[in-house]
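# Structure assessment
Read off the chains here:
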Amino acid sequence: MALRIKSDVDLKVLEKYGFKKNSNFPDGWAMVKTYKKSRYYQEDIYVWKDRTIQVNAIELNDTIYDLIKADLVVKVEE
């Protein structure tokens, strides 16, 4: 199972949730939200160009919950 931003959602709306566009990726770009947990550790949420959500975090956080609650996310089978 994967989570993806719905196709009819303008990705600029993610900026309201703290995401920023980052063009430093081989695929071209991603929307990224970073949580600094300590000086040496951070967790990130990526929304890739194909709208797939990747969470590099130990636990599901409030941002993902907020995106689901705002009806911006769809669950897709891989």
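This write-up is about the structure you can find in this document. None of the values given here were measured: they were computed from a predicted structure. (Residues numbered from 1 in each chain as written. Predicted model: local features only at pLDDT ≥ 70, side-chain atom pairs only at ≥ 80, totals over all residues. Heavy atoms only, no water.)

In total, this model carries one aromatic pair according to the counting rule given. Aromatic pair Tyr-46 and Trp-48: ring centres 5.2 Å apart, planes at 15 degrees, arrangement stacked. Owing to a relative accessible area of 19%, Trp-48 belongs among the buried residues under this scheme. (Phe/Tyr/Trp six-rings, centres within 6.5 Å; stacked < 30°, edge-to-face > 60°. Buried < 20%, exposed > 50% of the residue type's maximum accessible area, 1.4 Å probe, protein only.)

Now for the pattern of salt bridges. Throughout the structure, instances matching the rule amount to two salt bridges. The closest approach of N and O atoms between Asp-71 and Lys-6, which form a salt bridge, is 2.7 Å. Here the residue Asp-71 occupies a position in the loop between helix 1 (62–69) and strand 6 (73–76), and Lys-6 occupies one in the loop between strand 1 (2–5) and strand 2 (20–22), the gap between them amounting to 65 residues. According to the relative accessible area criterion, Asp-71 is partly exposed, its value standing at 48%. For Lys-12, the salt bridge is made with Glu-15, and the minimal N-O distance between the two is 3.5 Å. A relative accessible area of 53% places Lys-12 in the exposed class. For Glu-15, a relative accessible area of 41% gives the class partly exposed. (Salt bridge = Lys/Arg side-chain N within 4 Å of Asp/Glu carboxyl O. Helix = DSSP H or I, 4+ residues; strand = E, 2+ residues; numbered from the N terminus.)

Moving on, we come to unusual backbone geometry. Phi angles above zero are rare outside glycine, and Arg-51 is one such case at about 75 degrees. The residue Arg-51 is located in the loop between strand 4 (42–48) and strand 5 (53–56) in this model. For Arg-51, a relative accessible area of 18% gives the class buried.

If you trace the four strands from one edge of the open sheet to the other, you get 2-3-4-5, paired in antiparallel fashion. The sheet is open, and its two borders are formed by strand 2 and strand 5, each paired with just one other strand. Strand after strand, the sheet turns through a mean of 30 degrees between neighbouring axes, direction not considered. Sheet analysis places strand 3 (residues 30–36) next to strand 4, joined by seven bridges and oriented antiparallel. Looking at strand 4, one finds that Met-31 is bridged to Val-47. (Pairing = 2+ DSSP bridges. Axes fitted to C-alpha atoms, helices over the stretch in contact; angles between N-to-C directions.)

As a further point, take the side chain of Arg-51. Buried within the structure, Arg-51 lacks any salt-bridge partner; Asp-10 is the closest side chain of opposite charge, at an N-O distance of 6.4 Å. Ignoring anything within four residues of it in the chain, the contact list for Arg-51 reads Leu-3, Arg-4, Ile-5, Lys-6, Ser-7, Val-9 and Leu-11. (Lys, Arg positive; Asp, Glu negative; His and termini not counted. Contact = heavy atoms within 4.5 Å.)

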